[in-house]
Amino acid sequence: MSIKLGIIGGGVMGEAILSRLLAQQVYRSDQVLVSDPQAQRREDLSQRYGVNVTSDNGVAAEAGEVLLLAIKPQVFKAVASNLSQDDQNPSASETLPLVISILAGVSLGKLEAVFEHQPVIRAMPNTPATVGAGITAIAPGKTVTAKHLQVAKTLLGAVGEVVEVSESLMDAVTGLSGSGPAYVAVMIEALADGGVAAGLPRAIASKLALSTVWGTAQLLQDKQLHPAQLKDQVTSPGGTTIAGIAELERSGFRSALIEAVQAAYQRSQQLGK
Ligand SMILES: NC(=O)c1ccc[n+]([C@@H]2O[C@H](COP(=O)([O-])OP(=O)(O)OC[C@H]3O[C@@H](n4cnc5c(N)ncnc54)[C@H](OP(=O)(O)O)[C@@H]3O)[C@@H](O)[C@H]2O)c1
């Protein structure tokens, strides 16, 4: 048995990444070892995906290629204290895996202090990753090479798009794509409420709202349109859409979104201290 990928934390995100890596044949199930404290969870993952499972994080940390950290940030300290490499020989670092952490708010500095002889990449995925439509920002640590970056892009590319940023931009990423799914969810709910206020049945209004947001995003992406171009194309003189836009502007819609991203960015900075 040759384990290439170790995953510490087989929860929502760990499973989302695992399932797509297997479906896309980036790894075979026998090349993956997932560590999780819950026996039932281990049993489920083993049954569903045929992967190896363990309750020993130390064994997962010895994977041949990549160690993916997918635990909650709150347990990082406890997990890290058991994985400390103080007694490890730095000359053996060639055989140690690339560490990819998806833990919100855990800095490269903290990760590199624990995995001091290993290349480390910090990543920030978002919730749509669970359906393969995420976007993940990655920030490379001190000893990361182009090859490591490629490995991380392939691994996280299994759950959506990947962009590379410097670590100093991770709080801004959190404010936009990390928290953004909630802003969009609120917008979809509000659009549906507007439809109901205008007389539509709830189920129809919800479907119209969801498909409108989905379809507009796809249109912008497929046609490579700037959002303002699309807005101009659909606002006829004296028409309905410009009347709606005028109300959005009166109500400070743009400013509300800009302020929301800024507020989440600042909160992320505070939490990281
Ligand atoms: N979900 C998202 O949309 C999202 C987006 C961006 C970033 N992230 C990041 O992804 C990470 C995982 O989030 P998640 O939503 O997947 O959380 P989750 O579902 O709670 O998964 C974490 C898993 O780790 C297990 N675990 C707890 N203590 C452990 C230990 N000592 N050793 C090994 N495994 C342990 C948990 O088991 P128990 O259930 O028994 O505690 C659980 O199965 C977080 O750091 C979060 O910041 C998540």
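Residues numbered from 1 in each chain as written. Predicted model: local features only at pLDDT ≥ 70, side-chain atom pairs only at ≥ 80, totals over all residues. Heavy atoms only, no water.

1. Some thoughts on the site of the ligand
At step 1: As a structural note, the neighbourhood of the ligand is formed by 23 residues, with Val12, Met13, Asp36, Gln38 and Ile71 the closest of them.
At step 2: The separation between an oxygen atom of the ligand and a polar main-chain atom of Met13 is 2.7 Å.
At step 3: Within the contact set of the ligand, an oxygen atom lies 3.1 Å away from a backbone nitrogen or oxygen of Ala104.
At step 4: Burial of the ligand by the protein chains amounts to 76% of its free accessible area of 880 Å².
At step 5: Residues of the shell around the ligand, tallied by class, amount to 14 nonpolar, 7 polar and 2 charged. (Near = heavy atom within 4 Å. Polar contact = N/O pair within 3.5 Å; in protein donor to acceptor, adjacent residues only side chain to side chain. Areas by Shrake-Rupley, 256 points an atom, 1.4 Å probe, with all protein chains shown as cover. Nonpolar A, V, L, I, M, F, W, Y, C, P; charged D, E, K, R; others polar.)

2. Looking at the pattern of salt bridges
At step 1: Counted under the stated rule, the structure contains 12 salt bridges.
At step 2: Notably, a salt bridge pairs Glu15 with Arg48, separated by 2.5 Å at the nearest N-O pair. One end of the pair, Glu15, is in helix H1 (residues 12-23); the other, Arg48, is in helix H2 (residues 39-49), and 33 residues separate them in sequence.
At step 3: For Glu15, a relative accessible area of 13% gives the class buried.
At step 4: For Arg48, a relative accessible area of 47% translates into the label partly exposed.
At step 5: As a salt-bridge pair, Arg254 and Glu249 come within 2.9 Å of each other at their nearest N and O atoms.
At step 6: A relative accessible area of 52% places Arg254 in the exposed class.
At step 7: Each of the salt bridges in this network shares a partner with another, and the network as a whole consists of Glu15, Arg41, Asp44 and Arg48. (Salt bridge = Lys/Arg side-chain N within 4 Å of Asp/Glu carboxyl O. Helix = DSSP H or I, 4+ residues; strand = E, 2+ residues; numbered from the N terminus. Buried < 20%, exposed > 50% of the residue type's maximum accessible area, 1.4 Å probe, protein only.)

3. Regarding helix H4 (residues 76-83)
At step 1: All of the buried residues along H4 are Phe76, Val79, Ala80 and Leu83. Seen along its axis, H4 keeps its buried residues to an arc of 100°; they face one direction. Across from the buried face of H4, at angles greater than 90 degrees, the exposed residues are Lys77, Ser81 and Asn82.
At step 2: In the core, the buried residues of H4 are packed alongside strand E1 (5-8), helix H3 (57-60), strand E4 (66-69) and helix H5 (108-114). (Arc of directions from axis to C-beta. Contact = heavy atoms within 4.5 Å.)

4. Focus: the sheet that holds E1
At step 1: One open sheet holds the 8 strands; their spatial order is E3-E2-E1-E4-E5-E6-E7-E8, and the pairing between them is mixed. Looking along the sheet, the strands with just one partner apiece sit at the ends: strand E3 (52-54) and strand E8 (160-164). Geometrically, the sheet is characterised by an average inter-axis angle of 20° between neighbouring strands, direction not taken into account.
At step 2: Two strands pair when backbone bridges link them, and strand E7 (residues 134-140) and E8 are joined in this way by 5 bridges, in the parallel orientation. The partner of Ala137 across the bridge, within E8, is Val163.
At step 3: Along the sheet, helix H6 (residues 146-157) contacts E1, E4, strand E5 (98-101), strand E6 (120-124), E7 and E8; its crossing angle with E8, the most-contacted strand, is approximately 150°.
At step 4: Against the sheet, helix H7 (residues 170-178) engages E6 and E7, with an angle of about 35° to E6. (Pairing = 2+ DSSP bridges. Axes fitted to C-alpha atoms, helices over the stretch in contact; angles between N-to-C directions.)

5. Considering the side chain of Arg122
At step 1: Of note, Arg122 is situated in strand E6.
At step 2: Within polar-contact distance, the side chain of Arg122 engages the backbone oxygen of Val106 at 3.3 Å.

6. Regarding a nonpolar patch on the surface
At step 1: Together, Leu200, Ile204 and Leu208 give the surface a local cluster of nonpolar side chains, amounting to about 250 Å² of exposed area.
At step 2: Within the secondary structure, Ile204 is located in helix H9 (residues 202-222).
At step 3: Taking relative accessible area as the criterion, Ile204 reaches 44% and is therefore assigned partly exposed. (Patch = residues over 30% accessible without salt bridge, like charges linked within 9 Å, V, L, I, M, F, W, Y side chains within 5 Å.)

7. Some remarks on the packing of helix H8 (residues 180-197) against H9
At step 1: Taken N-terminus to C-terminus, the directions of H8 and H9 make an angle of 135°; their axes are 8 Å apart at the nearest point. With respect to each other, H8 and H9 are oriented oblique. Every pair of crossing elements has a handedness; the one defined by H8 and H9 is right-handed. Facing H8, whose interface residues are Val184, Met187, Ile188, Leu191, Ala192, Asp193, Gly195 and Val196, H9 presents Arg202, Ala205, Ser206, Ala209, Leu210 and Val213.
At step 2: Each residue belonging to the contact of H8 with H9 can be placed in one class, and the counts come to 10 nonpolar, 2 polar and 2 charged. (Parallel < 35°, antiparallel > 145°, perpendicular 65-115°, else oblique. Left-handed = near helix turned anticlockwise from the far one by under 90°.)

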